[in-house]
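# Residue-level structure breakdown
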Amino acid sequence: MTPRPHGAHLPEERTESTAPLPPPELTEAECRRCGTYIAGLDGRYACGVCGWVNDHSEGHRRLPRADEDPDRPTKGRRRPKQLPWPPPPPAQELAPGPAAGPAAEPDPGA
């Protein structure tokens, strides 16, 4: 990844209302690729049969900003860092073997 050049345009802070958005509306349509009857939220669809997804700009309402997300961590708190690989399996304990001790001596009378 290359560093951002100095003087790059950063998005401006929006002064729009931060009032919570109304709940999403369940909408239904046919998949444009395979014709399967699908449902979505606010006109945004994804077909589970063929994988078709419509563009987010085709929705009926704007998408919420990050600061409008009710599940967003509070300021100063971050999500735990995710490792890029799965964690190693837990270490297995060794199975108990024969007791370590003096070797059994053969019976002299046999």
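In this text, all values refer to a predicted model and were calculated from it rather than measured experimentally.

### Thoughts on the pattern of salt bridges
This model, assessed by the stated rule, comprises two salt bridges. Across the pair R61 and D42 runs a salt bridge, and its minimum N-O distance is 2.9 Å. One end of the pair, R61, is in the segment after strand 2 (37-41); the other, D42, is in the segment after strand 2, and 19 residues separate them in sequence. By relative accessible area, which is 29% here, R61 ends up partly exposed.

### Description of the confidence of the model for the protein chain
Per-residue confidence for the protein chain gives a mean pLDDT of 75, with 65% of residues at or over 70. Confidence drops under a pLDDT of 50 for residues 7-11, and excluding neighbours within four residues, the segment shows one contact in the predicted structure.

### Quick look at the environment of R62
Mapped onto the elements of the fold, R62 is located in the segment after strand 2. The exposure class of R62 is partly exposed, given its relative accessible area of 40%. When the C-alpha positions of R62 and L21 are compared, they lie 9.6 Å apart, and in sequence the two are 41 residues distant.

### What about the nonpolar core?
Listed in full, the five residues of the largest apolar core are C31, I38, Y45, C47 and W52. When neighbours within four sequence positions are excluded, I38 is seen to be in contact with T27, E28, A29, E30, C31, Y45, A46, C47 and W52.

### Observations concerning the pairing of strand 1 (residues 26-30)
Two strands pair when backbone bridges link them, and strand 1 and strand 2 are joined in this way by five bridges, in the antiparallel orientation. For E28, the partnering residue across the bridge sits in strand 2 and is A39. What sits between strand 1 and strand 2 in their antiparallel hairpin is a turn of six residues, with G35 showing a positive phi close to 85 degrees.

### Quick notes on the side chain of T27
Relative to the assigned elements, T27 resides in strand 1. Side-chain polar atoms of T27 contact the backbone nitrogen of G43, separated by 3.0 Å.

Each value, and the rule that gives it
- Residues numbered from 1 in each chain as written.
- Predicted model: local features only at pLDDT ≥ 70, side-chain atom pairs only at ≥ 80, totals over all residues.
- Heavy atoms only, no water.
- Salt bridge = Lys/Arg side-chain N within 4 Å of Asp/Glu carboxyl O.
- Helix = DSSP H or I, 4+ residues; strand = E, 2+ residues; numbered from the N terminus.
- Buried < 20%, exposed > 50% of the residue type's maximum accessible area, 1.4 Å probe, protein only.
- pLDDT = per-residue confidence, 0-100.
- Contact = heavy atoms within 4.5 Å.
- Core = buried A, V, L, I, M, F, W, Y, C linked by side-chain atoms within 4.5 Å.
- Pairing = 2+ DSSP bridges.
- Polar contact = N/O pair within 3.5 Å; in protein donor to acceptor, adjacent residues only side chain to side chain.

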